[in-house]
Amino acid sequence: MATCPAASLLLTFFNDLKDPRSPLGKLHSLETIITVAPVGILCGADEWVEIEEFGKAKLELFQQ
């Protein structure tokens, strides 16, 4: 996912972060959440539902 230099830089701060979630029911990688959530918040999302909507609306952008 992190082919964008800014996304790669953001993810370097979280390299050693362990994913505490159970493998059951994981829909998205921790890398995806760490990338989409801050960008969504910077673009005005205030809640997880809004972050999800933002991520879906910008899916093509995040897949680049």
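Above this text is the structure in question.
Residues numbered from 1 in each chain as written. Predicted model: local features only at pLDDT ≥ 70, side-chain atom pairs only at ≥ 80, totals over all residues. Heavy atoms only, no water.

Caption draft 1: Seen up close, the overall build of the protein. Of regular secondary structure, the protein possesses four helices and zero strands. In sequence order, the secondary structure elements of the protein are arranged as α-α-α-α. Relative to the 2.2 N^0.38 estimate, which gives 11 Å for 64 residues, the radius of gyration of the protein is 12 Å and therefore close to what a compact globule would have. A buried classification covers 20% of the 64 residues belonging to the protein. Long-range contacts, defined here as pairs at least 24 residues apart, represent 35% of the contacts in the protein between residues at least 6 apart. With the model as given, the accessible surface of the protein reaches about 5100 Å², and the carbon-plus-sulfur share is 63%. Looking at charge distribution, the protein has the averaged site of its 5 positive side-chain charges lying 7 Å from that of its 9 negative ones. (Helix = DSSP H or I, 4+ residues; strand = E, 2+ residues; numbered from the N terminus. Rg over C-alpha atoms; globule rule 2.2 N^0.38 Å. Buried < 20%, exposed > 50% of the residue type's maximum accessible area, 1.4 Å probe, protein only. Contact = heavy atoms within 4.5 Å. Areas by Shrake-Rupley, 256 points an atom, 1.4 Å probe, with all protein chains shown as cover. Lys, Arg positive; Asp, Glu negative; His and termini not counted. Charge placed at Lys NZ, Arg CZ, Asp CG, Glu CD.)

Caption draft 2: Spatial organisation of the nonpolar core. Within the largest apolar cluster, six residues are counted, these being Val36, Ala37, Ala45, Ile51, Phe54 and Phe62. For this core, the secondary structure elements donating two or more residues are α2 (30–42) and α3 (48–57). (Core = buried A, V, L, I, M, F, W, Y, C linked by side-chain atoms within 4.5 Å.)

Caption draft 3: Main features of the packing of α2 against α3. Contact geometry of α2 with α3 gives a least axis separation of 9 Å together with a crossing angle of 105°. By the angle between their directions, the pair α2 and α3 is classed as roughly perpendicular. From α2, Ile33, Val36, Ala37, Val39, Gly40 and Ile41 reach across to α3, where they touch Trp48, Ile51, Phe54 and Gly55. When grouped by side-chain class, the residues that make up the contact of α2 with α3 number eight nonpolar, two polar and no charged. (Axes fitted to C-alpha atoms, helices over the stretch in contact; angles between N-to-C directions. Parallel < 35°, antiparallel > 145°, perpendicular 65-115°, else oblique. Nonpolar A, V, L, I, M, F, W, Y, C, P; charged D, E, K, R; others polar.)

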